[in-house]
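Structural description and commentary
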Amino acid sequence: MKKRTFVILCSEYPPFMGGIALWAENLLKTLTANGYEAVVLTHLTRSHKKKGVRSTREVRYLAGHDWQKFHWLYRLPTLLKYMATRKELIVVAATWDDLQVIHRLKPLFRFKIYCASHGTDVTKHVFPRKRKVLEKINRIYRSVDLFMPVSKSLDLIARSMYPALRCPTLVLGCNVLTDVFTPEHDPEKKNALRKQFGIAPECKLLVTVGRMMAVKGFRHVIMAVAALRERYPDLAYMIVARRDEPESLLLDALVKELHVEDRILFQPPVDNRELPKILQASDIFVLTSEPVYCPFYQEEGLPRVIPEASACEIPVIASTTGGLPEGVRDGETGFVVPNGDQEALKRSICALLDDPEKAREMGRKGREFVLEQFSDTSMTARILSMAEQER
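Residues numbered from 1 in each chain as written. Predicted model: local features only at pLDDT ≥ 70, side-chain atom pairs only at ≥ 80, totals over all residues. Heavy atoms only, no water.

Some words on the sheet that holds strand β1 (residues 5–9)
With parallel pairing, the six strands of this open sheet are ordered in space as β3-β2-β1-β4-β5-β6. Both outer strands of the open sheet, β3 (59–62) and β6 (146–149), are each paired with one neighbouring strand and no more. Neighbour-to-neighbour, the strand axes of this sheet turn through a mean angle of 20°, independent of strand direction. The pairing of strand β4 (residues 89–93) with strand β5 (residues 112–117) spans four bridges and is classified as parallel. (Pairing = 2+ DSSP bridges. Helix = DSSP H or I, 4+ residues; strand = E, 2+ residues; numbered from the N terminus. Axes fitted to C-alpha atoms, helices over the stretch in contact; angles between N-to-C directions.)

Below you can see the structure in the form of structure tokens.
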């Protein structure tokens, strides 16, 4: 066992399958597989209780009635044990919020702090700007020894807002399970997948996967589908998202206004075992996210689903918002279109639908790009680079 010990702080952990949960799980597995002692301190949620999860040596599920406010208090007993008994301790936080109060113990116990950022934890404070909150975050970032945003764009936003964030940056990105997200080349199997989701074999299918929120920019694709319906009579657009958000009502109204009820499909979210099937059944993955200011500023970090689609050899069209362009090699694995540019979006869709061989080639290059930049192997190299930072 190597000398350094890593305590990973996060509020989400599998079986919950959100981005932070998968980040924490991958971090833990990589560190322990390479000889480091590592433990996750996370929230014991109702979902965990229903599934009967139990704490282990490496994952501690901690109960707490008001976790959002007092997570530091519920973690403190376990943290103090590690702080008092480990000479080379590194606390790795999923967001700055996980470091509240805890960062004040650093001068006493002399541990290192590595802090990640996944998107909203930074962008939501761009607007509205609350002075006391910004000052608090700035104090926390002053104690950080390594900043680990999911994208370069997040690093730029954070450093523009918090002058005390002067430590080095290591952009971790996100890892993709390339043995799960794989291409489906057999036409019969692909048609079978389409049948499973109620999609006709001849349909030209665009897909977006994401939260039902305005920041995802679903409306841009819906408008493009409406404009292209005469050129492509069999064009359809599937949105994979929960329908219990207000944004869903706005999209329903837009679909009705544009008379594309027969072209827009809403699919409930699926787990990671089913998601590859939806991506494999599609022709193009589209994510036209846009910055929004209500109820607070939101801008994408780097959604994991972009490299997941590329891993399935599906060409990707993404907007210039936030870290999205970092997941696409423009003109090689897909297209990057200016945010809100309908003409550029329609041109990109047409370029791929009119030239299936070009779309297939972009898909193949997309998987190569993922294996190079987002696979477990490439992520392991970055995590070990993190673990071996100079003291």
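Some points on the sheet that holds strand β11 (residues 316–319)
Taking strand neighbours across the sheet as the criterion, the six strands line up as β9-β8-β7-β10-β11-β12 in an open arrangement whose pairing is parallel. Two strands bound the open sheet, and with one partner strand each, they are β9 (264–267) and β12 (334–337). This sheet shows a mean twist of 20° between the axes of neighbouring strands, independent of strand direction. Pairing analysis gives three bridges linking strand β10 (residues 284–287) to β11, with the strands arranged parallel. Across the sheet, the residue bridging to L287 is A318, located in β11.

A short note on the pattern of salt bridges
Enumeration according to the criterion identifies 23 salt bridges in this entry. Among the salt bridges present, the one from D145 reaches K106, with a minimum N-O distance of 2.8 Å. Placement of D145 in the loop between α6 (131–142) and β6 and of K106 in helix α4 (residues 106–109) is noted, with a sequence separation of 39 residues between them. A relative accessible area of 22% means that D145 is categorised as partly exposed. A salt bridge links R159 to D155; the nearest nitrogen and oxygen atoms lie 2.9 Å apart. Here D155 and R159 lie together in helix α7 (residues 152–161), a separation of four residues that amounts to about one turn. A relative accessible area of 28% means that R159 is categorised as partly exposed. Each of E357, R360, E361 and R364 takes part in salt bridges that share partners, so that together they form one network. (Salt bridge = Lys/Arg side-chain N within 4 Å of Asp/Glu carboxyl O. Buried < 20%, exposed > 50% of the residue type's maximum accessible area, 1.4 Å probe, protein only.)

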